[in-house]
Each structure stands twice: as C-alpha cells, then as structure tokens.
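What follows is each chain in one-letter form.
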Amino acid sequence: MITEAEAKRITRYLDVQTVLSEQPDLVFVFGTRHPEPAQVAADLIKRGMGRFLVLTGGKNPINGMGEALTHLKIVLGQGVERERVIVESESTNTLENVVFAIPKITERVTLAAWEPVFHSLEHVLGHGIFALLWPDWRDGQAKGVASACKDRVKYTTLVAEVDGVAAGFLAYTLKHEDQTGYDVGKIC
C-alpha cells in the first residue's frame, strides 16, 4: 500500500488534476488494416468529440492496401466532412505515424486559427479585392507561421494561455540596428 505522500507525489507527476478541454483538437487513428478504429473515430467526430480526425498509415505489408486512405473512405462514407480529416499516408510503423503526422497537424490547426481572420477580411473588402491581395492565403499563412516558429535564432515566439489552453501566439523579431521590431503573426 502506498502512503498519502507517495500518492500526492504520483498525482503531481502524472498531473491528473489537469482539466481537459470540452472538445479535444484531434482524434488520432494509428495505421492498421482493421476498419474498426476508423469507424469509432468517425462516430467520435460526428458526436463533437474532436475538431479534426487524423488518419495515419502507409501501405499495409499484409494486404498491400494504404491504411490511411482506406480509413479515409470509411470516415467519408460515415459522413465526416473531408476538411476535418488530416491524412498521413507514408508511415510504415507507429513511430512514423506520429512523426509524419505532426507537420500536417500543425499546418491544419494553424490554418483553422487564422480562418476567422481571413473570412472577416474577405467580408469587409469583398471577394474581388480580397482575392487580389491574398489569392492563396492558406499556403502563405502555413509557410509564414511554420518559418517563424522554426527559426528560433531570428524569431522569438510567445504563446498565450487562458486556463492552461493555448489562446494565441506572437512571433516577432528585433532589428538590432535601430531597436525596432515587427511581428509576423498573432492569433487572439
């Protein structure tokens, strides 16, 4: 039997008091030839249990079929909207499922955060002017944010939290010559 002090130490270590968000950002399906994980994940997404569904897995060595692409057909057939699905179809093992999915997840979640900003700009400016200024804002934002967050020498990135949940970020650089700076992106 463990002591009360040990229980508290274990609780602190495991951080079991963290309050989970009401809606997780992701439902993650590891690559497999079995259809059930995709069926369960589709049900979770349809019930509002996640914003995005991540399907992973390349060609299965047993049946030769693409796992993520097979699961994509299943979830679309169950009514999950394509724009809510992130597909990673190159991995060959569980570690690669995660490692190869991370850049795709980062891009999609980042774009979801910027979407309301650009929709508002399009509403204010009108579609014609907006399309001239930002013909492919998604690609530009994805590249700009990824570049700023990866370049830790040039940019400083700060993340704001509200009740332990990321609420926004600011990536900035300081021009040392004149001690001025500029920001490259922020989400509030």
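Notes on the structure follow. These numbers come from a predicted model, not from an experiment.

### Concerning helix α3 (residues 67-77)
- What α3 keeps buried is the set E67, A68, H71, L72 and V75. Taken around the axis of α3, the buried residues stretch over an arc of 130°, which confines them to a single face. Opposite its buried face, α3 presents the exposed residues K73 and G77, each directed more than 90 degrees away.
- Each element contacted by the buried residues of α3 is listed here: β1 (26-29), α2 (36-46), β2 (52-56) and β3 (85-88).
- A positive phi of about 95° marks G79, the residue just after α3.

### Description of the pairing of β3
- Covered by surrounding structure in β3 are V85 and V87 together with I86 and E88, the residues of both alternating faces.
- Taken together, β2, α3 and β3 constitute a β-α-β crossover, and its handedness is right-handed.

### Quick word on the nonpolar core
- Core analysis: the biggest nonpolar cluster contains 14 residues, and L53, L55, L72, V75, V80 and V85 have the highest contact counts within it.
- At the level of secondary structure, the elements contributing two or more residues to this core comprise β1, α2, β2, α3 and β3.
- Once you skip the residues sitting within four places of it in the chain, L55 turns out to touch V29, A68, H71, L72, V75, V85, I86, V87 and E88.
- Counting residues in each nonpolar core, the second largest holds 11 residues, with F118, W137, Y155 and A171 among its members.

### Re the sheet that holds β3
- Spatially, the three strands line up as an open sheet ordered β1-β2-β3, and their pairing is parallel. With partners counted over all chains shown, the strands left at the sheet margins are β1 and β3, one partner each. Each neighbouring strand pair of the sheet contributes to a mean axis angle of 15°, computed without reference to strand direction.
- Two strands pair when backbone bridges link them, and β2 and β3 are joined in this way by four bridges, in the parallel orientation. Looking at the pairing, L55 lines up with V87 of β3.

### Digging into the environment of L53
- Looking at where L53 falls in the secondary structure, it is placed in strand β2.
- Taking C-alpha positions, L53 is 6.1 Å from R84, a pair spaced 31 residues apart along the chain.
- Not counting residues up to four positions away in its chain, the partners in contact with L53 are V27, V29, A41, I45, V75, R84, V85 and I86.

### Focus: the environment of L95
- Looking at where L95 falls in the secondary structure, it is placed in helix α4 (residues 94-125).
- On the basis of relative accessible area, L95 is assigned to the exposed category, the value being 62%.
- Along the backbone, L95 and F30 are 65 residues apart, and their C-alpha atoms lie at a distance of 9.6 Å.

### A closer look at the pattern of salt bridges
- Going through the model one piece at a time under the given rule, you end up with four salt bridges.
- Between E81 and R84 there is a salt bridge, with the nearest N and O atoms lying 3.5 Å from each other.
- On the accessibility criterion, E81 (36% relative accessible area) is partly exposed.
- The partner of K143 in a salt bridge is D139, and the shortest N-O contact between them spans 3.1 Å. With K143 and D139 both in helix α6 (residues 137-150), this residue pair falls four residues apart, about one helical turn.
- According to the relative accessible area criterion, K143 is exposed, its value standing at 54%.

### So, the packing of aromatic side chains
- For the structure on display, the rule yields five aromatic pairs.
- Centre to centre, the rings of F28 and F30 are 4.7 Å apart; their planes meet at 55°, and the pair counts as tilted.
- You can call F28 partly exposed: its relative accessible area is 27%.
- Between F130 and W134 the ring centres are 5.4 Å apart and the planes differ by 45°, which places this aromatic pair in the tilted class.
- Linked through ring pairs, F118, F130, W134 and W137 together constitute an aromatic cluster.

What counts as what
Residues numbered from 1 in each chain as written. Predicted model: local features only at pLDDT ≥ 70, side-chain atom pairs only at ≥ 80, totals over all residues. Heavy atoms only, no water. Buried < 20%, exposed > 50% of the residue type's maximum accessible area, 1.4 Å probe, protein only. Helix = DSSP H or I, 4+ residues; strand = E, 2+ residues; numbered from the N terminus. Arc of directions from axis to C-beta. Contact = heavy atoms within 4.5 Å. Right-handed = clockwise from strand over helix to strand, strands pointing away. Core = buried A, V, L, I, M, F, W, Y, C linked by side-chain atoms within 4.5 Å. Pairing = 2+ DSSP bridges. Axes fitted to C-alpha atoms, helices over the stretch in contact; angles between N-to-C directions. Salt bridge = Lys/Arg side-chain N within 4 Å of Asp/Glu carboxyl O. Phe/Tyr/Trp six-rings, centres within 6.5 Å; stacked < 30°, edge-to-face > 60°.

Honestly, that's just the spatial picture; any functional story needs more than this.
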